[in-house]
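Below, each chain spelled out in residue letters.
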Amino acid sequence: MANYRCMNCNYRFVPKSNRAPTRCPYCSTEGKLVTEKSADQIVREV
Ligand SMILES: [Zn+2]
């Protein structure tokens, strides 16, 4: 299952449902969620 990250507030979460989330559960911003494919990618982004 993919992890999601909010580009607005940087909140990371794993959706409980099978449907792709469109809104951040923390800041409720829509359209700012991206999937995190690997830990390596996260490290490089920092
Ligand atoms: Zn957010």
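See the structure shown above.
So, a few notes on the structure that sits alongside this text. Quantities reported herein were computed from a predicted structural model and do not represent experimental measurements.

### Some thoughts on the coordination of the zinc ion
In the first shell of the zinc ion, the protein supplies Cys-6 (SG), Cys-9 (SG), Cys-24 (SG) and Cys-27 (SG), at 2.2 to 2.3 Å from the metal. Taken together, the four donor atoms coordinating the zinc ion and their angles of 105 to 114° define a geometry best described as tetrahedral. Written as a sequence motif, the donor residues of the zinc ion are C-x2-C-x14-C-x2-C. On the criterion of sequence distance, the pair formed by Cys-6 in strand β1 (residues 3-6) and Cys-27 in the loop between β2 (12-13) and β3 (33-36) is long-range, its members being 21 residues apart. Look at Cys-6 and you get buried, because its relative accessible area is 0%. Owing to a relative accessible area of 28%, Cys-27 belongs among the partly exposed residues under this scheme.

### With respect to the sheet that holds β1
Sheet architecture is open: three strands sit in the order β2-β1-β3, paired in antiparallel fashion. With partners counted over all chains shown, the strands left at the sheet margins are β2 and β3, one partner each. Bridge count for β1 against β3 is four bridges, and the pairing is antiparallel. By the bridge assignment, Cys-6 is partnered in β3 with Leu-33.

### Digging into the packing of aromatic side chains
As enumerated under the stated definition, the model contains three aromatic pairs in all. Judged by centre distance (6.0 Å) and plane angle (25°), the ring pair of Tyr-4 and Phe-13 falls under stacked. Summarising the burial analysis for this pair, Tyr-4 and Phe-13 share the class buried. Judged by centre distance (5.1 Å) and plane angle (20°), the rings of Tyr-11 and Tyr-26 are stacked. Of this pair, Tyr-11 sits in the loop between β1 and β2 while Tyr-26 sits in the loop between β2 and β3, and the two are 15 residues apart along the sequence. Residue classification places Tyr-26 among the exposed residues on the basis of a relative accessible area of 61%. Taken together through their ring pairs, the aromatic side chains of Tyr-4, Tyr-11, Phe-13 and Tyr-26 make up a single cluster.

Cut-offs used in this document
- Residues numbered from 1 in each chain as written.
- Predicted model: local features only at pLDDT ≥ 70, side-chain atom pairs only at ≥ 80, totals over all residues.
- Heavy atoms only, no water.
- Donors = N, O, S within 2.8 Å, 3.2 Å for Na, K, Ca; no water.
- Tetrahedral: all angles 85-135°; square planar, octahedral: opposite > 155°, others 65-115°.
- Helix = DSSP H or I, 4+ residues; strand = E, 2+ residues; numbered from the N terminus.
- Buried < 20%, exposed > 50% of the residue type's maximum accessible area, 1.4 Å probe, protein only.
- Pairing = 2+ DSSP bridges.
- Phe/Tyr/Trp six-rings, centres within 6.5 Å; stacked < 30°, edge-to-face > 60°.

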